[in-house]
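Overview (structure and organization)
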Amino acid sequence: MNRENNREEWLQAIREGDVDETALSRFTEELASDPELIAAFREEAQFDEWIRCALELDAGSMTSSWTEMEELAGIEFSDLVSRVEDGSLSSKEGNRLAALLLEKEADVPRLRQLLAENEWLREALDPAKGEEAFLEALETRMWAETRTDHFVDDFTKRLDQQIAEEESNIIPMPTSWGWQVTKMAGVAAAVAIGAFFLMQTIASRVLAPDGVATIVKVSSDVAWGQEGQPTANGEILPGSYQLDRGVVSLRFESGSELTVEGPARFELGDDEETFVYHGVALAKAGPSKEPLKIRSKGITVSKSVPLIGIDARSKNSTEAIIFSGDGGVCLDKGECRSLFAREAIKADLNRDKLLDIPYNPQPFSKAWAMASGVVDNLGSVRIELPGAEVEANEEEEEVQVFVENESFRPEKDLEVDQIAVGQFASAENNPGESLHATGELRSYLLQVWSDEERSEDGEVEASLTFDHPVVGVIFSSDRLANSDESVGTLMKENGASFNRARGLDSGSDEFLLSDDRKTLNLKLQSGRREVDQVRVLVALN
């Protein structure tokens, strides 16, 4: 056997793994003495390795494919259809289903019908076609057609007609109070359905990520201009807005509120920064105590305060007024001035100067009436401006409403008069009870002055709805005096004789608190005392 034949035999033996030690030793000696043999052997060995790897991969792939084919072949046709219904069908399972449908053409129409029925069911269950979507569409229609839609007027007429028809079935209240309560309920329902139906719905929603504020209150005469308007659901996006008339109250995500009276033009930024170009605006800091970022023509509020007003109606000047707390205002060109509660300043845009001006909150009357957190439904009611002194009122038999303290925590336990919701409460011999509310409270003081020289007695009736639930009502003279310090009253000291007669101690004075604890109805007998006072405590959280 020549050398070439020996090399081939060795290589074949090595490939097959059938080589003994003696033959392998001789082949190694040959490799050491012949470089050409080394190169040939390297090529042969490399080629053999490629073939081995390829055969292993192919074998593994073929095994895997064969296994998958066996598994798919074991899946029933009905199981594949079920996976189509629930959306879990894989691409390979889809190929298997297609192959089965080629063999079972009679099943194709049945599968097509099944898929169509599932699509109809999905459409029927789509949230976009549900009751909530319908209500949202109705809200959008009411919002878009507020100026021309007669829905509210028609509803009010039907409601009044129904009240007139069913009045004979109503159980009479004491004296004339029952009829008035019924009418107040009708008025309150009409107002709630009309002006505030949409707003209350929007206020309960969480702000969308793109919105910086939400409308929480509007007056009945609101009209937006073409320059900027809220979205259909009352959301305020960053940008410029034009309010032609009316009053609106916006709530930011931080809890701060901005109340604007039209005609006005303002702009809101992504970070709740507000620029008032024209009009009257009232800004109230929220519970988070984050600084209010307010600017107007020529000025910037440099130090945030609990309540500040901006009057930008003049072309040549801008006024800022501090209602509570301490703050500061700066001109755009650098001059700044510190301000304290009940101080006002004017920025003269022609001379670039800040000028002190008298405290005059009157321009903010409408904005404050909305921002105060109380709405008068019935009766002669006046919501007093911040800083107003609790003193004698020239307008007899007018209910004055003072915001005594915007937010406080009682320094000690308070005793309030006992009132059961939905039931008349009399001021005579009220046993009282301890106030169990915790957290931040707000105090309102209601006051009615009478002429003692009048011989005849009269009645003063009113209905007030508060933004927050009423947790306590104080109308007894002794309890009013005992709670003055805790609530931080604005009232000046009037002496022991005044305190003895300031409350309601007659059984003819009555109260009715609604089931949701937000509406308080009053019927007071006037003419026998100098003043009647009632303190109302609401829970802010």
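Thresholds applied
Residues numbered from 1 in each chain as written. Predicted model: local features only at pLDDT ≥ 70, side-chain atom pairs only at ≥ 80, totals over all residues. Heavy atoms only, no water. Helix = DSSP H or I, 4+ residues; strand = E, 2+ residues; numbered from the N terminus. Buried < 20%, exposed > 50% of the residue type's maximum accessible area, 1.4 Å probe, protein only. Contact = heavy atoms within 4.5 Å. Phe/Tyr/Trp six-rings, centres within 6.5 Å; stacked < 30°, edge-to-face > 60°. Salt bridge = Lys/Arg side-chain N within 4 Å of Asp/Glu carboxyl O. Pairing = 2+ DSSP bridges. pLDDT = per-residue confidence, 0-100. Disulfide = S-S within 2.5 Å. Core = buried A, V, L, I, M, F, W, Y, C linked by side-chain atoms within 4.5 Å. Axes fitted to C-alpha atoms, helices over the stretch in contact; angles between N-to-C directions. Parallel < 35°, antiparallel > 145°, perpendicular 65-115°, else oblique. Left-handed = near helix turned anticlockwise from the far one by under 90°. Nonpolar A, V, L, I, M, F, W, Y, C, P; charged D, E, K, R; others polar.

1. Topic: the overall build of the protein
Across its full length, the protein carries 13 helices and 27 strands. By residue count, 39% of the 541 residues in the protein fall in the buried class. In the protein, once contacts between residues fewer than 6 apart in sequence are set aside, the share between residues at least 24 apart is 60%.

2. Considering the packing of aromatic side chains
Aromatic ring pairs are defined here through the distance separating the ring centres and the angle between the ring planes. What the rule picks out here adds up to seven aromatic pairs. Taking the centre distance of 6.3 Å and the plane angle of 75 degrees together, the rings of Phe-323 and Tyr-359 count as edge-to-face. In this pair, Phe-323 is assigned in strand β11 (residues 317-324) and Tyr-359 in the loop between β15 (353-357) and α11 (365-371), connecting sequence segments 36 residues apart. Judged by relative accessible area, Phe-323 falls into the buried class, the value being 6%. Look at Tyr-359 and you get partly exposed, because its relative accessible area is 25%. When the ring of Phe-475 is compared with that of Phe-511, the centres are 4.5 Å apart and the planes differ by 15 degrees; the resulting orientation is stacked. Separated by 36 residues along the polypeptide, Phe-475 in the loop between β24 (470-474) and α12 (477-487) and Phe-511 in strand β25 (residues 510-513) bring together distant segments of the chain. Given the relative accessible area of 0%, Phe-511 is considered buried. Taken together, the ring pairs connect Trp-224, Tyr-241 and Phe-266 into an aromatic cluster.

3. Digging into the pattern of salt bridges
In this structure the tally under the stated criterion is 18 salt bridges. Between Arg-295 and Glu-273 there is a salt bridge, and its shortest N-O distance comes to 4.0 Å. Of the two residues, Arg-295 sits in strand β8 (residues 294-296) while Glu-273 sits in the loop between β6 (257-268) and β7 (274-284), which places them 22 residues apart along the sequence. With a closest N to O distance of 3.8 Å, Glu-406 and Lys-284 form a salt bridge. In this pair, Glu-406 sits in strand β18 (residues 399-408) while Lys-284 sits in strand β7, placing the two residues 122 residues apart along the sequence. Each of Lys-284, Glu-406 and Arg-442 takes part in a single network of salt bridges with overlapping partners.

4. What to know about the pairing of β24
Most of β24 is tucked away, with four of its five residues classed as buried. When β24 meets strand β27 (residues 531-539), the two strands line up antiparallel, connected through four bridges. The residue of β27 that forms the bridge with Ile-474 is Arg-535.

5. Focus on the side chain of Asp-532
Tracing the backbone shows Asp-532 in strand β27. Once residues lying within four places of it in the same chain are set aside, the contact partners of Asp-532 are Leu-446, Gln-447, Val-448, Arg-502, Gly-503, Leu-504, Leu-524 and Gln-525.

6. Structural notes on the confidence of the model for the protein
Where the model shows low pLDDT, its predicted coordinates should not be examined in detail. Of the residues in the protein, 68% have a pLDDT of 70 or more, and the chain-wide mean is 76. Contacts for the low-pLDDT stretch residues 57-61, under 50 throughout, to residues beyond four places or in other chains number zero contacts. Counting contacts from residues 167-209, a segment whose pLDDT is below 50, to residues more than four positions away or on other chains yields 66 contacts.

7. Details of the state of the cysteines
Applying the stated criterion to the full structure yields one disulfide. In this model, Cys-330 is linked to Cys-336 through a disulfide, with the two sulfur atoms separated by 1.9 Å. What sets the handedness of the Cys-330 and Cys-336 disulfide is the S-S torsion sign, and at about 110 degrees it is right-handed. Here Cys-336 falls in the partly exposed class, since its relative accessible area comes to 45%.

8. Notes on the nonpolar core
Counting 39 residues, the largest nonpolar core has Val-401, Phe-466, Phe-511 and Val-536 as its most contacted members. The element that contributes the greatest number of residues to this core is strand β23 (residues 458-466), accounting for four residues. Ignoring anything within four residues of it in the chain, the contact list for Phe-466 reads Gly-373, Val-374, Tyr-444, Lys-518, Leu-520, Val-536 and Val-538. Grouped together as the second largest cluster of nonpolar side chains are 36 residues, Val-260, Phe-266, Ile-310 and Ala-312 included.

9. Some thoughts on the pairing of strand β5 (residues 247-252)
On a regular strand, one side chain projects to one face of the sheet and the next to the other, so that they alternate. Of all the six residues making up β5, five are buried; the element is thus mostly covered by neighbouring parts of the structure. Counted along the chain from β5 to the antiparallel partner β6, the turn is four residues long, and its residue Gly-255 has a positive phi close to 100 degrees.

10. Some thoughts on the sheet that holds β18
Two strands in a sheet stick together by hydrogen bonds in their backbones, pointing the same way (parallel) or opposite ways (antiparallel). Strands sit in the order β17-β18-β22-β27-β24 across an open sheet of five strands; the sheet is mixed. Strands at the two margins of the open sheet, each flanked by one partner only, are β17 (381-383) and β24. On average, adjacent strands in this sheet sit at an angle of 25 degrees to one another, irrespective of strand direction. Where strand β22 (residues 441-449) and β27 come together, nine bridges link them in antiparallel fashion. Residue pairing in the sheet places Val-448 in a bridge with Asp-532 of β27.

11. Some thoughts on the packing of helix α4 (residues 77-86) against helix α5 (residues 91-103)
Where α4 meets α5, the closest approach of the two axes is 10 Å, and the angle between their N-to-C directions is 125 degrees. By the angle class used here, α4 and α5 are oblique. In this structure, α4 meets α5 at a crossing whose hand is left-handed. Of the residues in α5, those in contact with Phe-77, Leu-80, Arg-83 and Val-84 of α4 are Glu-93, Arg-96, Leu-97, Leu-100 and Leu-101. Counted by class, the contact of α4 with α5 contains six nonpolar, no polar and three charged residues.

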